[in-house]
Each structure stands twice: as C-alpha cells, then as structure tokens.
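For reference, the chains in residue letters:
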Amino acid sequence: MKKWKILLLTFLIGGLLLLGVSSFAETKPVKDISIFYIVKASNSFYWQIVINGAQLAAGDLGVKIKFQEPLAESDVAKQVSILNDAIAVHPDAIVIAPTVADALVPGIEQAMSQGIKVILIDSAANTQDYVSFLSTNNIEAGKALAKEFVELIKEKFGKAEGDIAYMTSMAGVGSLSQRDQGFLEGLKEYGPGLKIVAHQYANNAIDTATTNWENIFTANPNLIGVFADNNVTGDGLARALQLSGMAGKLVAVVFDNDPTEIDGLKSGILQALQIQQPWVMGYWSVFYAVSAVEGVGLPKNVDTGAFIVTQKNMNTPEAQAILNPIEFHKNWK
C-alpha cells in the first residue's frame, strides 16, 4: 500500500510542479489552510467513498477540513443552505459537488468573489466561476457502458435486437444527464437494433426505483436489457430483478459500486458495473484545493476516470482497488 501511496503523491505533486509551483507553502503554511467540503448526501455509499479519500488527503497534507452535507440528494435546499453557511465562516477553499446545475451558482460565485477558492467535483454548475472541476467524463463513460451492454446482449441472445429500458435517478442532475446522453449515443452507434420502450425517474429513492422497475417489467414482458444510471437506481434494479423473478433473464448494467450492486454482480443478477473513481476524486480534490489556495495555475477540467467491472475481471487487482477503495486504501501509512 505504501508504494501505491508514494506513487500517487509523486504524481500529484509532480504534476503541480509542472504547472509552475516549487512549493505548496509560498503564500500560506499548509497546516493553516482550511477547507469546507460539501457532497450531495450522507446516505450514499458513493459519497462515503469520496469523503474517505478527502479525509486521507487532508491527513496526509495536515490541513483543516470540515465535512457537511444533506441527508439525501433530493434535499437541494439543504445543500444551498450548507454552502451559505460555509461562505459565512470564510474557509480558504470550498470543495462542492453541486446536486443541480443552477441552484448552487449564486453561492459558488459569491464564494469566489470573496476570495474563497472553489473546487467542483462530480457534477457541474452553470457557471465558469470556479477554479477546477474534477469529475468523470460521464458522456464517455455512458458510451463505453453502452458498448459493453450491447456485447453482453449479443453474448446472451445472439444478436442486439429487442426491447430495453433505462432509469434516471433524478431530473436536472448534470452528471446523470450526461451519462444517459452517452449511453443513448452509444446505443445508436453499437446497437441500433435495440428499442427503448420505457424510461422513468426515481427521485433518487431506492424504494421508488424498485417499484418503478417492477412496473416496467410488468408492462414490458419482452425486455432483453436494462440500464440504471446510478447506485440508487442500480440498487432498485437489483431488488426488482429478484422480487419479480427476472434475474438472469435479461442483461442489467448499472453505474457505481455500492454493496448491493457488488453483490448483484457477484451473484449474476447484474452483468456490468461502470464504476467511477470517487475515492480518487475525493483524494485529488483536497490537493487541488490546497494548490488553488497556494496560487498554483490549475487545469479547469480534470477527468478522474471510470472502469467497467464484469464477472470476468472483478477479481483482478485493478478491479478490486476500484470495487472496494475504502478497504484498499485503509492501511496507507
């Protein structure tokens, strides 16, 4: 683990040196830097992974960090309130994952106007007034998953023709819209014989997703494949496949890698997980926040990558580091 950590720290610091900084401590001692960290929800394993990465990075650098987030992603008003509270205490930097593209813009722009460095992660906001944005390239990740989806359908049914459905966790969320866009573009390119017969939203609630999937199965008995665009809709899909007796009868692919999805992959209920790298996103974002405070010229957009895991590759070291990042990184010293 120590070797991996040294390599990552070398990569991050080396990259920042290439951007023209010779020290993290040119304007302010690192130990005095304060960061307010706001993700979308506390009830999501995905965001727990992000926070874990950020916590370890803060410990490695010795910076002060405060975490606060809504309970659920659907509580946009709460996230807006937390951002306003963060601005009021005037940290050196704010790292935030905007739940929706518009509602957080006034706070982000206010923070920047007051000299607080803002780093966006995961999802974009409708403003260019921030330092850096670290995220998955969701369009490309969605497109790559569509290609895998089509190949899995060919393996199971002999050809990529028939009815499919997909579910979006929440309307108006940039990252979800982009991965759906990429998936649909990929279907047109790789599986033009596939027909979308149902698309629903889940209001980012597992129970709603489960019920919606069951209704989709009932209304569309000829489905050969389904796609869920985050861990909430993925969890609901795994549950619905079991409850309806549809597990194994169609191809099911999802984004993210919370425990229910991983168990679904192991048991064959799900056939592929498109996994972002939330731990890397969390870890890197703290380095970028510190670098911004220190006056480093940073790239506007940073792709933190994605990795498709199937039953064929899930036991490889590369897949295990992404499937279980908290466990993988817990012994870093």
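See the structure shown above.
Residues numbered from 1 in each chain as written. Predicted model: local features only at pLDDT ≥ 70, side-chain atom pairs only at ≥ 80, totals over all residues. Heavy atoms only, no water.

(A) Summary view of the sheet that holds strand E10 (residues 272–276). Taken in spatial order, the six strands of this open sheet run E7-E6-E8-E9-E10-E12, and their pairing is mixed. Whereas interior strands pair on both sides, the edge strands pair on one side only; in this sheet they are strand E7 (194–201) and strand E12 (306–309). Across this sheet, the average inter-strand angle for adjacent strands is 15°, counted without regard to direction. Note that strand E6 (residues 162–168) and strand E8 (residues 223–228) share five bridges and pair parallel. Paired with Tyr166 across the two strands is Phe227, which belongs to E8. Sitting on the sheet, helix H8 (residues 231–244) is in contact with E6, E8 and strand E9 (251–255), with an inclination near 155° to E9. (Pairing = 2+ DSSP bridges. Helix = DSSP H or I, 4+ residues; strand = E, 2+ residues; numbered from the N terminus. Axes fitted to C-alpha atoms, helices over the stretch in contact; angles between N-to-C directions. Contact = heavy atoms within 4.5 Å.)

(B) Structural view of the pairing of E10. Among the five residues in E10, five count as buried, and that is most of the element. Residues Ala272, Gln274 and Gln276 of E10 are buried on one face, and the alternating residues Leu273 and Ile275, pointing to the opposite face, are buried as well. Relative to E10, E9 runs parallel, the two being bridged by three bridges. Across the sheet, residue Phe255 finds its bridge partner in E10, namely Gln274. As judged from the four bridges shared by E10 and E12, these two strands associate in the antiparallel manner. From the neighbouring strand, Leu273 faces E12, where its bridge partner is Val309. (Buried < 20%, exposed > 50% of the residue type's maximum accessible area, 1.4 Å probe, protein only.)

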